[in-house]
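The primary structure of each chain is shown beneath.
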Amino acid sequence: MSIIMHRNSKRKGFTLVETLIAVSVAIAALNNLVPIFPPRRTWQVALAFGLVHGFGFASVLGDLALGPDGSVYLPDSGGPTVWRLAPGANALEAWVESAEFLSLQGVVVAAEAAALFVADHANGLLRVDLGSREVRRLESPENTTLIGIDGLVRAPNGDLIAVQNGLRPNRVLRIALGGGGDTVMRVTVLEAAHLTMAAPALGCVASGGQFFFVGNAGWTRFDEAGAGPTAPRPVPVFRTKL
């Protein structure tokens, strides 16, 4: 089962930060040419700019998966990195970085295939070799798409179960892999377009081969516009037999 720290950022929050960083660099350069800040204020300006630049290095760890050796893998929704916590370690390491990583979301480990599968909201399904750390995008079959996947888990038979909330209608997919996890053989829609499935998110596979997932995570209550408190509401939880 996946654990959420912050989901669905899609790097929206970083657009403002990156703009502020660029502006701060320009102001600092201008101040070096033509001083615009009093000397006694220089340290305060430097502190403010340092805080802004610090946000540029912030990570958004959106999911995690446990490897066969006890390693914990964490995709970074805020940057092109999968982090790793090695067994016995007390700090994360940048395990792999790739230009293929645009908006990382759910992640699972397939020990028998020696691979990590990670969903990228903007780039589909990616396979990372646990040994070489090679990153490869898996093409979807004709007339299907793997764009917009958020939650990702494994079914008992090794198929991937994906919550696709980046397209309309929202869907739950079964992704059958072939060739040791090197190819996508089939994509089957298990659920779609329910009235109460407005914003599906994470889920887990329970005993008996059933997939449980949240049908409406309520992202609009936590959007970046600063939505205020709202009244309590029922949260739909769906059950799908795999």
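That block above? That's the structure.
Analysis parameters
Residues numbered from 1 in each chain as written. Predicted model: local features only at pLDDT ≥ 70, side-chain atom pairs only at ≥ 80, totals over all residues. Heavy atoms only, no water. Helix = DSSP H or I, 4+ residues; strand = E, 2+ residues; numbered from the N terminus. Buried < 20%, exposed > 50% of the residue type's maximum accessible area, 1.4 Å probe, protein only. Areas by Shrake-Rupley, 256 points an atom, 1.4 Å probe, with all protein chains shown as cover. Pairing = 2+ DSSP bridges. Phe/Tyr/Trp six-rings, centres within 6.5 Å; stacked < 30°, edge-to-face > 60°. Core = buried A, V, L, I, M, F, W, Y, C linked by side-chain atoms within 4.5 Å. Contact = heavy atoms within 4.5 Å.

Asker: For this particular structure, what's the right way to read the overall build of the protein?
Answerer: Counting its secondary structure elements, the protein contains 2 helices and 15 strands. The burial tally for the protein puts 40% of its 242 residues in the buried class. Here the protein has roughly 12800 Å² of accessible surface; of this, 61% comes from carbon and sulfur atoms.

Asker: What is the right way to read the sheet that holds strand E4 (residues 93–97) from this model?
Answerer: Remark on secondary structure: sheet strands pair via backbone hydrogen bonds, oriented parallel or antiparallel. Spatial strand order, E1-E2-E3-E4: 4 strands in an open sheet with antiparallel pairing. Each having just a single partner strand, strand E1 (65–66) and E4 make up the two edges of the open sheet. Alignment of E1 against strand E2 (residues 72–75), held across 2 bridges, turns out to be antiparallel. Of the residues in E2, the one forming a bridge with leucine 66 is valine 72.

Asker: Explain the packing of aromatic side chains here, please?
Answerer: The relation between two aromatic rings is expressed through the spacing of the ring centres and the mutual angle of the planes. According to the stated counting rule, one finds 3 aromatic pairs in the structure shown. Between the aromatic rings of phenylalanine 211 and phenylalanine 213, the centroid separation amounts to 5.5 Å while the plane-to-plane angle is 20°, which identifies the pairing as stacked. Neither residue differs from the other here; phenylalanine 211 and phenylalanine 213 are each classed as buried. With 5.1 Å between their ring centres and 10° between their planes, phenylalanine 213 and phenylalanine 238 make a pair best called stacked. With phenylalanine 213 in strand E14 (residues 210–214) and phenylalanine 238 in strand E15 (residues 237–241), the pair connects residues that are 25 residues apart, well separated along the chain. The two residues phenylalanine 213 and phenylalanine 238 agree in class, both being buried. Site record: aromatic cluster; members linked through ring pairs are Phe211, Phe213 and Phe238.

Asker: Could you clarify how one ought to interpret the pairing of strand E10 (residues 160–164) in this entry?
Answerer: A regular strand carries its side chains on alternate faces of the sheet. Burial of E10 is extensive: 5 of the 5 residues sit out of reach of the surface. Sheet topology places strand E9 (residues 149–154) next to E10; 4 bridges connect them, and they run antiparallel. Along E10, the bridge assignment pairs valine 153 with isoleucine 161. In this structure, the hairpin formed by E9 and E10 is closed by a connection of 5 residues, where glycine 158 is found at a positive phi of approximately 100°. Joining the antiparallel neighbours E10 and strand E11 (residues 171–178) is a turn of 6 residues.

Asker: Before we go on, may I ask you to explain the environment of glycine 203 in this structure?
Answerer: Mapped onto the elements, glycine 203 comes out in strand E13 (residues 203–206). We classify glycine 203 as buried; its relative accessible area is 11%. Measuring from C-alpha to C-alpha, the distance between glycine 203 and valine 237 comes to 9.1 Å, with 34 residues separating the pair along the chain.

Asker: Is there a simple way to think about the nonpolar core in this case?
Answerer: One recurring pattern in soluble globular proteins is that nonpolar side chains are buried together. Counting 17 residues, the largest nonpolar core has Phe117, Leu125, Leu146, Leu152 and Ile175 as the members making the most contacts within it. For this core, the elements supplying multiple residues, two or more each, are strand E5 (104–110), strand E6 (115–120), E9, E10, E11 and strand E12 (183–192). By residue number, the principal contributor to this core is E6, which donates 3 residues. When near neighbours in sequence (up to four residues on either side) are disregarded, leucine 146 contacts Gly124, Leu125, Leu138, Ser140, Gln164, Leu173, Ile175, Val184 and Val187. Judged by nonpolar contacts, the second largest core, of 15 residues, contains Tyr73, Val82, Val96 and Phe101.

By themselves these figures say nothing about function.
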